[in-house]
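A structural walkthrough
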Amino acid sequence: MAQRFIWIAVLYLIVGASLGLYMGMTQNFSLMPVHAHVLLAGWLSLAMAGVVYRLWPAAAQTRLAQAHFWLHNLGLPAFMLALAAHLTGHELPVLLSVGALAFLLGLLCFAVNAWLRVRD
């Protein structure tokens, strides 16, 4: 489980950095919120979750960890796609709401899992 989180986090790192490079090359920074969210909610959050799951393997072996992985990685791309659409003048309100909710539920799964299983 830890490895899955790290691998997908690295993918978000590449996507976020590529978006940043594209914005710099075009001098169009309208997608800056998407860039920031992909790097923080994708790369940083998932990499840190991977570290937590590596250090506390009992937390990695739960259904909450599975739910966290899938909700986070289905919700965040939908959320970011809808946010990008919004920032460029197109509206996808259902996708924005569903993606943001799935992402939040994934984070809540992680929080509950950490509170229950991360112990010294």
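See above for the structure.
Now for a look at the structure at hand. What you see is a predicted model; the values in this text were computed from it and never measured.

The next thing to look at is the overall build of the chain. On a plain count of helices and strands, the chain comes out with 5 helices and 0 strands. Written out in order from the N terminus, the α and β elements of the chain read α-α-α-α-α. Over its C-alpha atoms, taken along the principal directions, the chain stretches across nearly 50 × 30 × 20 Å. Within the span of the chain, comprising 120 residues, buried residues form 37% of the whole. Counting only contacts in the chain whose residues sit at least 6 apart along the sequence, the fraction spanning at least 24 positions is 75%. Element-wise, carbon and sulfur atoms account for 74% of the exposed surface of the chain, whose accessible area totals about 7100 Å².

What follows deals with the side chain of His68. Relative to the helices and strands, His68 is located in helix H4 (residues 63-87). For His68, a relative accessible area of 2% puts it in the buried group. Those residues in contact with His68 that lie beyond four places of it in its chain are Phe5, Leu46, Ala49, Tyr53, Gly106, Leu107, Cys109 and Phe110.

Before going further, it helps to spend a moment on the packing of helix H1 (residues 2-26) against H4. The packing of two helices is summarised by the inter-axis angle and the distance between the axes. Running from N to C, H1 and H4 cross one another at 10°; their axes reach a closest spacing of 11 Å. With respect to their mutual orientation, H1 and H4 come out roughly parallel. Judged by the sense of rotation from one axis to the other, the crossing of H1 with H4 is left-handed. Note on element contacts: H4 touches H1 through Ala65, Gln66, His68, Phe69, Trp70, His72, Asn73, Leu76 and Pro77, opposite Arg4, Phe5, Ile8 and Tyr12. Tallied by class, residues from the contact of H1 with H4 come to 8 nonpolar, 4 polar and 1 charged.

Evaluated as defined, the whole model comprises 5 aromatic pairs. On the basis of an interplanar angle of 80° and a centroid distance of 5.3 Å, the ring pair of Phe5 and Phe69 is categorised as edge-to-face. Pair noted here: Phe5 is in helix H1 and Phe69 is in helix H4, with a separation of 64 residues, a long-range link. For the pair Phe5 and Phe69, a shared accessibility class is recorded, and that class is buried. Here the aromatic residues Phe5, Tyr53, Phe69, Trp70 and Phe110 are joined through ring pairs into a cluster of three or more.

This paragraph deals with the nonpolar core. Of all hydrophobic cores here, the largest spans 24 residues; its most connected members are Phe5, Leu31, Val34, Tyr53, Leu76 and Met80. Residue assignment for this core shows that the elements contributing at least two residues are H1, helix H2 (32-55), helix H3 (57-60) and H4. Once residues lying within four places of it in the same chain are set aside, the contact partners of Met80 are Val34, His37 and Val38.

Right, let's talk about unusual backbone geometry for a bit. The phi torsion at Gln27 lies on the positive side, around 55°, for a residue other than glycine. Take Gln27: it is sitting in the loop between H1 and H2. Note on Gln27: relative accessible area 59%, which makes it exposed.

Calculation criteria
Residues numbered from 1 in each chain as written. Predicted model: local features only at pLDDT ≥ 70, side-chain atom pairs only at ≥ 80, totals over all residues. Heavy atoms only, no water. Helix = DSSP H or I, 4+ residues; strand = E, 2+ residues; numbered from the N terminus. Buried < 20%, exposed > 50% of the residue type's maximum accessible area, 1.4 Å probe, protein only. Contact = heavy atoms within 4.5 Å. Areas by Shrake-Rupley, 256 points an atom, 1.4 Å probe, with all protein chains shown as cover. Axes fitted to C-alpha atoms, helices over the stretch in contact; angles between N-to-C directions. Parallel < 35°, antiparallel > 145°, perpendicular 65-115°, else oblique. Left-handed = near helix turned anticlockwise from the far one by under 90°. Nonpolar A, V, L, I, M, F, W, Y, C, P; charged D, E, K, R; others polar. Phe/Tyr/Trp six-rings, centres within 6.5 Å; stacked < 30°, edge-to-face > 60°. Core = buried A, V, L, I, M, F, W, Y, C linked by side-chain atoms within 4.5 Å.

Keep in mind that these numbers describe shape and distance, not what the molecule does.
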